[in-house]
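Below, each chain spelled out in residue letters.
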Amino acid sequence: FEQKIAAKKALQEIQNKLNSAELEIEKAHIMTSSTDTQMEQDDITSTSQLLGPAEEDLQKTWTLIHQRQPIQDAAAQKELEAMKKRVTEAREKLKSIRDVLKRQEE
């Protein structure tokens, strides 16, 4: 029973980190997708600054997922797999935002 509570608490911690990263990435995505014209340097800088903490949160999330991977509970295991997919998707989105910023700086 205590293991189940600990697993649930660990999953919540991972979920919180992932939610935080996804929120920052979404903000950056909105900032880069809302313009078809050249972004101001200040906008490029502030968008880039959002990505650093988001990338750190994604890395921490990925590490936590792999630390918790041998969970016996099938539902928790399924939840971890879903989070791994979300991390991968967030990383792809982050990469595309970085590509946009790179083009904007040129």
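See the structure shown above.
A few points on the structure. (Residues numbered from 1 in each chain as written. Predicted model: local features only at pLDDT ≥ 70, side-chain atom pairs only at ≥ 80, totals over all residues. Heavy atoms only, no water.)

Points about the nonpolar core
In step 1: Residues Ile25 and Leu58 are the most contacted members of the largest nonpolar core, which totals 22 residues.
In step 2: Ranked by residues supplied to this core, first place goes to helix α3 (residues 74-105) with eight residues.
In step 3: With sequence-adjacent residues up to four places away left out, Leu58 is seen in contact with Leu18, Ala21, Ile25, Val87, Ala90, Arg91 and Leu94. (Core = buried A, V, L, I, M, F, W, Y, C linked by side-chain atoms within 4.5 Å. Buried < 20%, exposed > 50% of the residue type's maximum accessible area, 1.4 Å probe, protein only. Helix = DSSP H or I, 4+ residues; strand = E, 2+ residues; numbered from the N terminus. Contact = heavy atoms within 4.5 Å.)

Brief notes about the side chain of Thr32
In step 1: With respect to the helices and strands, Thr32 occurs in helix α1 (residues 2-33).
In step 2: There is a polar contact of 3.1 Å between the side chain of Thr32 and the backbone oxygen of His29.
In step 3: Sequence-distant contacts of Thr32, defined by excluding residues within four places in its chain, comprise Met39, Thr47, Ile97, Val100 and Leu101. (Polar contact = N/O pair within 3.5 Å; in protein donor to acceptor, adjacent residues only side chain to side chain.)

Notes on the pattern of salt bridges
In step 1: This model, assessed by the stated rule, comprises eight salt bridges.
In step 2: Note that Glu22 and Arg86 form a salt bridge whose closest N and O atoms lie 2.4 Å from each other. Residue Glu22 is located in helix α1, and its partner Arg86 is located in helix α3; the two are separated by 64 residues in the primary sequence.
In step 3: According to the relative accessible area criterion, Glu22 is partly exposed, its value standing at 25%. (Salt bridge = Lys/Arg side-chain N within 4 Å of Asp/Glu carboxyl O.)

Quick notes on the environment of Glu106
In step 1: Structurally, Glu106 is set in the segment after α3.
In step 2: For Glu106, a relative accessible area of 73% corresponds to the exposed category.
In step 3: Through-space distance from the C-alpha of Glu106 to that of Gln38 is 9.8 Å; in sequence the pair is 68 residues apart.

By themselves, these are just geometric observations and shouldn't be taken as functional.
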